Amino acid sequence: MKIENDMCEEQGSEAKEALVSAFAEFGGEHLRDIWLFDQSDFEMLYLRDDIAEKLEGINVSKFVDNERFGFVTRDTYDQLYYASYQYTVRGFDDFEQFRMFFADDERNVGVFASLDLQSGGHDYESLFQHVTDIASGYDVPAISSAEAEE
């Protein structure tokens, strides 16, 4: 598992390490990547080597921009439905993507991760609860600009 080398020096590094641990405990060898994002920036927290190769030549920032629409969607769901939005799962031909947002009155911060398909599927409600439980012990982490890292 690869965690950004300078992560330990960044604000919120303990929270980020806890997030990586939570997703790794859940996904094991099926975990492909983890991305933290807010309204303007994103940060890769984990990227499996074989997935890094697949992302070469892909404009990841456009992919993350698409995930930011979830901030609007979450607000819409919270206004339209009697239950609160928790997470989204998208299925692709060789992986599934999980996305959730952290409760923070000041900022919009979300995380998404992808996992290899698994026979019988993944228990995403369990993942949501696990990540929420772990994150509750930390402040919502600040995003280190991905643009500066590239």
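Residues numbered from 1 in each chain as written. Predicted model: local features only at pLDDT ≥ 70, side-chain atom pairs only at ≥ 80, totals over all residues. Heavy atoms only, no water.

Notes on the confidence of the model for the chain
No. 1: Of the residues in the chain, 86% have a pLDDT of 70 or more, and the chain-wide mean is 85.
No. 2: In this model residues 1–11 is a low-confidence stretch, pLDDT under 50, and it forms 24 contacts with partners more than four residues away in sequence or in other chains. (pLDDT = per-residue confidence, 0-100. Contact = heavy atoms within 4.5 Å.)

A few points about helix α3 (residues 60–80)
No. 1: Helix length check: α3 (21 residues) gives 31 Å between terminal C-alpha atoms against 30 Å at 1.5 Å per residue, within 8%.
No. 2: Roughly 25° is the biggest bend found in α3, and it falls at Val72.
No. 3: Where α3 is concerned, the buried positions are Val60, Val64, Glu67, Arg68, Gly70, Phe71 and Arg74.
No. 4: Elements in contact with the buried residues of α3: β1 (31–38), β2 (42–47), α2 (49–55), β3 (87–91), β4 (95–102) and β5 (109–116). (Helix = DSSP H or I, 4+ residues; strand = E, 2+ residues; numbered from the N terminus. Expected span 1.5 Å × (residues − 1). Bend = angle between axes of the 7 residues up to and from the residue. Buried < 20%, exposed > 50% of the residue type's maximum accessible area, 1.4 Å probe, protein only.)

Some details on the nonpolar core
No. 1: Counting residues in hydrophobic clusters, the biggest one holds 24 residues, and the most contacted among them are Phe23, Leu31, Ile34, Leu36, Phe102 and Val131.
No. 2: Sorting the residues of this core by element identifies α1 (13–27), β1, β2, β4, β5 and α4 (124–135) as the ones contributing at least two each.
No. 3: With near-sequence residues (within four places) excluded, Phe23 lies in contact with Gly28, Leu31, Ile34, Phe98, Val111, Ala113, Leu127 and Val131. (Core = buried A, V, L, I, M, F, W, Y, C linked by side-chain atoms within 4.5 Å.)

Here's the deal with the pairing of β4
Looking down a regular strand, the side chains alternate between one sheet face and the other.
No. 1: Judged by how many residues are buried, β4 sits mostly within the fold: eight of eight residues are covered.
No. 2: Neither face of β4 is open: one carries Phe95, Gln97, Arg99 and Phe101, the other Glu96, Phe98, Met100 and Phe102, and all of them are buried.
No. 3: In terms of strand pairing, β3 meets β4 through five bridges, oriented antiparallel. Counted as the bridge partner of Thr88 is Arg99 from β4. (Pairing = 2+ DSSP bridges.)

Observations regarding the sheet that holds β1
No. 1: Taken together, the five strands give an open sheet; going across it, the order is β2-β1-β5-β4-β3, and neighbouring strands pair in antiparallel fashion. Two strands bound the open sheet, and with one partner strand each, they are β2 and β3. Within the sheet, the average angular offset between the axes of one strand and its neighbour, ignoring direction, is 15°.
No. 2: Sheet analysis places β1 next to β5, joined by seven bridges and oriented antiparallel. Considered in β5, the bridge of Leu31 is made with Leu115.
No. 3: Along the sheet face, α1 touches β1, β2, β4 and β5 and points at about 145° away from the line of β1.
No. 4: Docked against the sheet, α3 engages β1, β2, β3, β4 and β5, running at close to 55° with respect to β4. (Axes fitted to C-alpha atoms, helices over the stretch in contact; angles between N-to-C directions.)

Some words on the pairing of β2
No. 1: Taken across its six residues, β2 has six buried, putting it largely inside the fold.
No. 2: Pairing between β1 and β2: five bridges, direction antiparallel. The residue bridging Trp35 from the neighbouring strand is Met44, located in β2.

Focus on the pattern of salt bridges
No. 1: Following the criterion strictly, the structure yields nine salt bridges and no others.
No. 2: In this structure, the salt-bridge partner of Glu43 is Lys16, at a minimum N-O distance of 2.8 Å. With a gap of 27 residues between them, Glu43 in strand β2 and Lys16 in helix α1 connect regions that are remote in the sequence.
No. 3: Among the residues examined, Glu43 registers a relative accessible area of 0% and is labelled buried.
No. 4: Via salt bridges that share partners, Arg32, Arg48, Asp50 and Asp116 belong to a single interconnected network. (Salt bridge = Lys/Arg side-chain N within 4 Å of Asp/Glu carboxyl O.)

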